[in-house]
Amino acid sequence: MDLQFDDAHFMRKAYQEAQLAFEKGEVPVGAVVVVQNRIIARAHNLTEQLTDVTAHAEMQAITAAAHFLGGKYLTDCTLYVTLEPCQMCAGALYWSQIPRVVFGASDTDRGYKAMGAQLHPKTEVVSGIMEAECADLMRTFFAQRRKK
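Residues numbered from 1 in each chain as written. Predicted model: local features only at pLDDT ≥ 70, side-chain atom pairs only at ≥ 80, totals over all residues. Heavy atoms only, no water.

Note the following rule: UniProt positions are given in the numbering used here, feature names are shortened, and annotations may be inferred rather than shown by experiment.
Looking at an unreviewed UniProt entry, one finds the protein named tRNA-specific adenosine deaminase, with Sediminicola luteus as its source organism. On record in UniProt, under Sequence similarities (unreviewed entry), the comment for the protein is "Belongs to the cytidine and deoxycytidylate deaminase family. ADAT2 subfamily." The record in UniProt for the protein states the following under Subunit (unreviewed entry): "Homodimer."

What follows is the structure in structure tokens.
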């Protein structure tokens, strides 16, 4: 895997997607899928807009990447996502056989690790990239929601 760009570069792109979600009133999670240092899918949460509980950023990104590649397996890809995937997204990532997942902030309540879910055994997981920024965006979003 060619690592010309660093993880922070692509996490910034995922963070931009999270900001779009925030502006739309969606839980601010963003994701990008990268292959050979090229972003092939960009996504953010759309659960409110689509009235679909499965429209998480990761699910949208997996679908877009699979369409781009013309196949269901993301075997040469890396997913960058601003929040630790939930158990639903972890299951989809497991079946996609993605070899690498990079996330920003941990989700100690609803993240896949807290829920006992697993990624594919061969999937490398990197966490904490832009963790403070990603966590702060989530805190700001929910603080604003509590005020309403």
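## Describing the pattern of salt bridges
Should their charged atoms come close, side chains of opposite charge can pair. Our working definition: The rule for a salt bridge is simple: a side-chain nitrogen of Lys or Arg has to be within 4 Å of a carboxyl oxygen of Asp or Glu. Only DSSP runs of H or I covering at least 4 residues are called helices, and only runs of E covering at least 2 are called strands; the numbering of each starts at the N terminus. Burial here depends on accessible area, computed with a 1.4 Å probe over protein chains only, as a share of the maximum for the residue type. Under 20% is buried, over 50% is exposed, and the range in between is partly exposed.
Taken as a whole and assessed by the stated rule, the structure comprises 2 salt bridges. With a closest N to O distance of 2.8 Å, arginine 100 and aspartate 7 form a salt bridge. In this pair, arginine 100 sits in strand S4 (residues 100-105) while aspartate 7 sits in helix H1 (residues 7-23), placing the two residues 93 residues apart along the sequence. Classification of aspartate 7 by relative accessible area gives buried; the value is 16%. Among the salt bridges present, the one from arginine 100 reaches glutamate 124, with a minimum N-O distance of 3.3 Å. Of this pair, arginine 100 sits in strand S4 while glutamate 124 sits in strand S5 (residues 124-127); the two residues are 24 residues apart in sequence, bridging distant segments of the chain. With relative accessibility at 8%, the residue arginine 100 sits in the buried group. Among the residues examined, glutamate 124 registers a relative accessible area of 40% and is labelled partly exposed.

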